[in-house]
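Below, each chain spelled out in residue letters.
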Amino acid sequence: MSNTNIENQLRLTISTLNSRIALLEGILLEQKETLEALQDSEKRYRRLFESAKDGILILDADTGMVVDVNPFLLELLGYSYVELRGQFIWDLGVFKDIAASKDAFKALQDNEYIRYEDLPLETRNGQPIAVEFVSNVYLVDNCKVIQCNIRDITDHKRAKAERKQLMAAIEQVGEGIVMTDAQGIIQFVNPAFKQMTGYRGREAVGQNPRILKSGRHDESFYRDLWSTISSGDNWKGSMVNKRKDGKLYTEESTISPVRDAAGRIVNYVAVKRDITEQLRLANHVQQSQKMEA
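Within each chain, residues carry numbers counting from 1 in the order of the written sequence. Whole-chain, interface and lining totals are the exception, using all residues; otherwise, since this is a predicted model, local features are given only for residues with pLDDT of at least 70 and side-chain atom pairs are given and counted only at 80 or more. Side-chain calculation: all heavy atoms of the structure are included, whereas hydrogens and water are not.

Residues Leu57, Leu59, Leu73, Leu77, Phe95 and Ile146 are the most contacted members of the largest nonpolar core, which totals 26 residues. A helix here means a DSSP run of H or I that spans at least four residues, while a strand means a run of E at least two residues long, and both kinds are numbered starting from the N terminus. Elements represented by at least two residues in this core include exactly strand 1 (55-60), strand 2 (66-69), helix 2 (71-77), strand 3 (113-122), strand 4 (128-140) and strand 5 (143-152). Definition of nonpolar core: a set of buried residues of the types Ala, Val, Leu, Ile, Met, Phe, Trp, Tyr and Cys, connected through side-chain atoms within 4.5 Å. The cut-offs for exposure are 20% and 50% of the maximum accessible area for each residue type, with area from a 1.4 Å probe on protein chains only; residues under the lower value are buried, those over the upper are exposed, and the others partly exposed.

In structure tokens:
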């Protein structure tokens, strides 16, 4: 073989090697970028996991063992990370209503999605709490895990019960209660309002209170009323209104603005009392006194 052929063969071999090296470098670079992207993704997930304001519990879907738990859930339940990680969920008394036994855990394994809207739990020190519990099954590195999201709804449930109690009280009071939105559209009326005006709830809700206008007051009266409450002040006074059947009555009202946390007016609440009979009796007494005089 001539020197020229040998040189050509060497050049071809070197060129092939360079091409393969470049290809290998490209593959390595791509793998490095993929690994870095994966690491960044894992870091972001970990930050979200650590800073989440809901409890997160990760279980091995085959064994029921606790794989991971975030700080919020540890604080909520009163446990340390070491006390929970590696334990079987049915051995944790705090979750006795979810998986008190291996048979109960079977439901978590078989269902892709389980939700308890109001689940009673107890913290480590025995304090009762209510949570919303949602579990999902998915794969991580070809291993099936169950992620349980646990949201503390204790305060929400308590506030809901207080609202229910308040509404029950409002339903029973003798004065008419009307709540409107910020534009003055009726959102709620109580039974006393219905008795006073003749309008049933579904007839009044969605309407403007002007359905009660009697024509006894000029526009400046209503303009001054609206100006007072929309500026954030209470309005107190009496007015003549008209029932659904057309009869006139006199009411004594207090209308107050309701503000949200930012200070914006979001509702108006009016407390109304029918004083028609009271005025009639007062007028009767006055006339009697005049006759006696």
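Picking up where we left off.
Take helix 8 (residues 219-230) next. Its 12 residues place the ends of helix 8 16 Å apart at the C-alpha level, agreeing with the 16 Å of an ideal helix rising 1.5 Å per residue. Along helix 8, the residues that are buried comprise Tyr222, Leu225 and Ile229. The arc enclosing the buried residues of helix 8, seen along the axis, measures out at 60°, which places them on a common side. Summarising the geometry of helix 8, the exposed residues directed more than 90 degrees from the buried face are Arg223 and Asp224. Contact between two residues is taken to exist if any of their heavy atoms lie within 4.5 Å; hydrogens are not considered. Turning to helix 8, the residues buried within the fold contact strand 8 (235-242), strand 9 (248-259) and strand 10 (265-274). One or two residues past the end of helix 8 sits Gly232, with phi positive at roughly 105°. Take the number of residues in a helix, subtract one, and multiply by 1.5 Å to get its expected span. Relevant arc is that of directions from the helix axis to the C-beta atoms, nothing else.

Classification of ring pairs uses Phe, Tyr and Trp, with its six-membered ring standing for Trp, and accepts pairs whose centres are within 6.5 Å; under 30 degrees between planes counts as stacked, over 60 as edge-to-face, and the remaining range as tilted. Per the counting criterion, the structure on display carries four aromatic pairs. Taking the centre distance of 6.0 Å and the plane angle of 90° together, the rings of Phe221 and Trp235 count as edge-to-face. Of this pair, Phe221 sits in helix 8 while Trp235 sits in strand 8, placing them 14 residues apart in sequence. Phe221 sits in the partly exposed class, given a relative accessible area of 21%. The buried category is assigned to Trp235, whose relative accessible area is 12%. Cluster of aromatic residues (ring-pair linked, three or more members): Phe221, Tyr222 and Trp235. A cation over an aromatic ring shows up here: Lys213 above the ring of Tyr222, its NZ or CZ 4.7 Å from the ring centre. Look at NZ for Lys and CZ for Arg. If either is within 6 Å of the ring centre and within 35 degrees of the ring normal, a charge sits over the ring.

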